Amino acid sequence: MNATTADATTADPGRIVLLTTSHRVAPGLLSWPAWQALRTADRVLCADGAHPQLPYLREAGIRVDEAAPAAEELVDACAGGRTAVVVATGEGDPALTDGLARLAGSGRVHMPDLELLPASYDLPGARLLDLVQVMDRIRLECPWSSQRTHKGLAKYAIEEAYELVEAIEDGDREELREELGDVLLQVVFHARIAEEDPDAPFSVDDVAGTIVAKLIHRHPHVFGDETASTPEEVREHWLRTKAAEKQRTSVTEGVPLGQPGLALAAKLASRVRTAGLRVPLPTGEGVGYDLLALAARAEAEGTDPEAALRAAARTYRDAIRQVEAAGG
């Protein structure tokens, strides 16, 4: 008897379970409800014979039929209270799900209970694995990307950082998300290039491991026994542990001289103030010394001189455009 002509009063039409898994989780690591459904099912089906879960299911004693039944066939297979579990393919079996939806919407078929059962979930950050895989393929197959070096990419890191700052200052959430992705790409790209170094290779996992270790070490109030109840105390912990790590002989060590001038001046002033040093600002002729004094004053007042100047420059830009729009 075909499902489309089945008597609507047929007892217990059964159950269809669509089992979904994440390719970002190791095969075989399934939830307990998923294993229960698989072990108690009357039939387990999968349309993809190369599905990464199949070897692990069969090793666990689950019989899996490599089949892609039509919706009507699957409904018939469940008649009489039977349960069929469909291990979804990477595409999600749209032909089957669309067919089941069509049957359910027709009102002419006594449908089995339909259940979507996620067998494994992406953990936070799981999509980063996709980025690493995509970057690896691009590095191998793209004629442009395969030739890039750390030095050749350096300018893009600076450009993307500035675009991120602009998105933050503009308050554009969509732009912020995109620019964060562009900055993240720079990290993953450089890490992928670093894997090929013949003398001192490292991977994105090494990069992540280094920053994780640093964050844990510099947050003893979170991961250790120390306490901090204010941002100022957190900063003290950070500076103290950083100083112990770096063992620098001068507070100027680690300050990149290639950064914008106002930011450089403010950073030096911050290092001096934090260390409690008494270093008078140098005096001299010219606007450079005036800007140095302004940057040091801004830093002492808690103002980012670069951000303040950019904000003023934007106002200036808007004024220019108003004059242009008015015809000069």
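Residues numbered from 1 in each chain as written. Predicted model: local features only at pLDDT ≥ 70, side-chain atom pairs only at ≥ 80, totals over all residues. Heavy atoms only, no water.

1. Observations concerning the packing of aromatic side chains
Thought 1: Per the stated rule, a full pass over the model turns up one aromatic pair.
Thought 2: The interplanar angle of 75° and the centroid separation of 6.3 Å between the aromatic rings of W144 and Y156 together place this pair among those described as edge-to-face. A residue pair is termed long-range when its members are at least 10 positions apart, and W144 in the loop between α5 (127-141) and α6 (150-170) and Y156 in helix α6 qualify at 12 residues.
Thought 3: Taking NZ or CZ as reference, R148 lies 4.4 Å from the ring centre of W144, over its face. (Phe/Tyr/Trp six-rings, centres within 6.5 Å; stacked < 30°, edge-to-face > 60°. Helix = DSSP H or I, 4+ residues; strand = E, 2+ residues; numbered from the N terminus. Lys NZ or Arg CZ within 6 Å of the ring centre and 35° of its normal.)

2. Brief notes about the environment of A293
Thought 1: Mapped onto the secondary structure, A293 falls in helix α12 (residues 287-300).
Thought 2: Judged by relative accessible area, which is 35%, A293 ranks as partly exposed. (Buried < 20%, exposed > 50% of the residue type's maximum accessible area, 1.4 Å probe, protein only.)

3. Some remarks on the confidence of the model for the protein chain
Thought 1: Here the protein chain shows a mean pLDDT of 90. Residues at 70 or above account for 97%.
Thought 2: No element of the protein chain has a lower mean pLDDT than helix α10 (residues 231-246), which averages 77, and none a higher one than helix α7 (residues 173-194), which averages 97. (pLDDT = per-residue confidence, 0-100.)

4. Looking at the pairing of strand β2 (residues 43-46)
Thought 1: Sheet topology places β2 next to strand β4 (residues 83-87); three bridges connect them, and they run parallel. By the bridge assignment for β4, R43 is matched with A84.
Thought 2: One ladder, built from two bridges, connects β2 with strand β3 (residues 65-66); its direction is parallel. Across the sheet, the residue bridging to C46 is E66, located in β3.
Thought 3: Note that the unit made of β2, helix α2 (residues 54-59) and β3 has a crossover that is right-handed. (Pairing = 2+ DSSP bridges. Right-handed = clockwise from strand over helix to strand, strands pointing away.)

5. Structural notes on the pattern of salt bridges
Thought 1: If you walk through the whole model with that rule in mind, you get 19 salt bridges.
Thought 2: Between R58 and E66 there is a salt bridge, with its nearest N and O atoms 3.2 Å apart.
Thought 3: Classification of R58 as partly exposed rests on a relative accessible area of 38%.
Thought 4: In this structure, E301 and R297 form a salt bridge, with 3.8 Å as the shortest nitrogen-oxygen distance.
Thought 5: Since its relative accessible area comes to 55%, E301 is described here as exposed.
Thought 6: Via salt bridges that share partners, E169, D170, E306, R310 and R314 belong to a single interconnected network. (Salt bridge = Lys/Arg side-chain N within 4 Å of Asp/Glu carboxyl O.)

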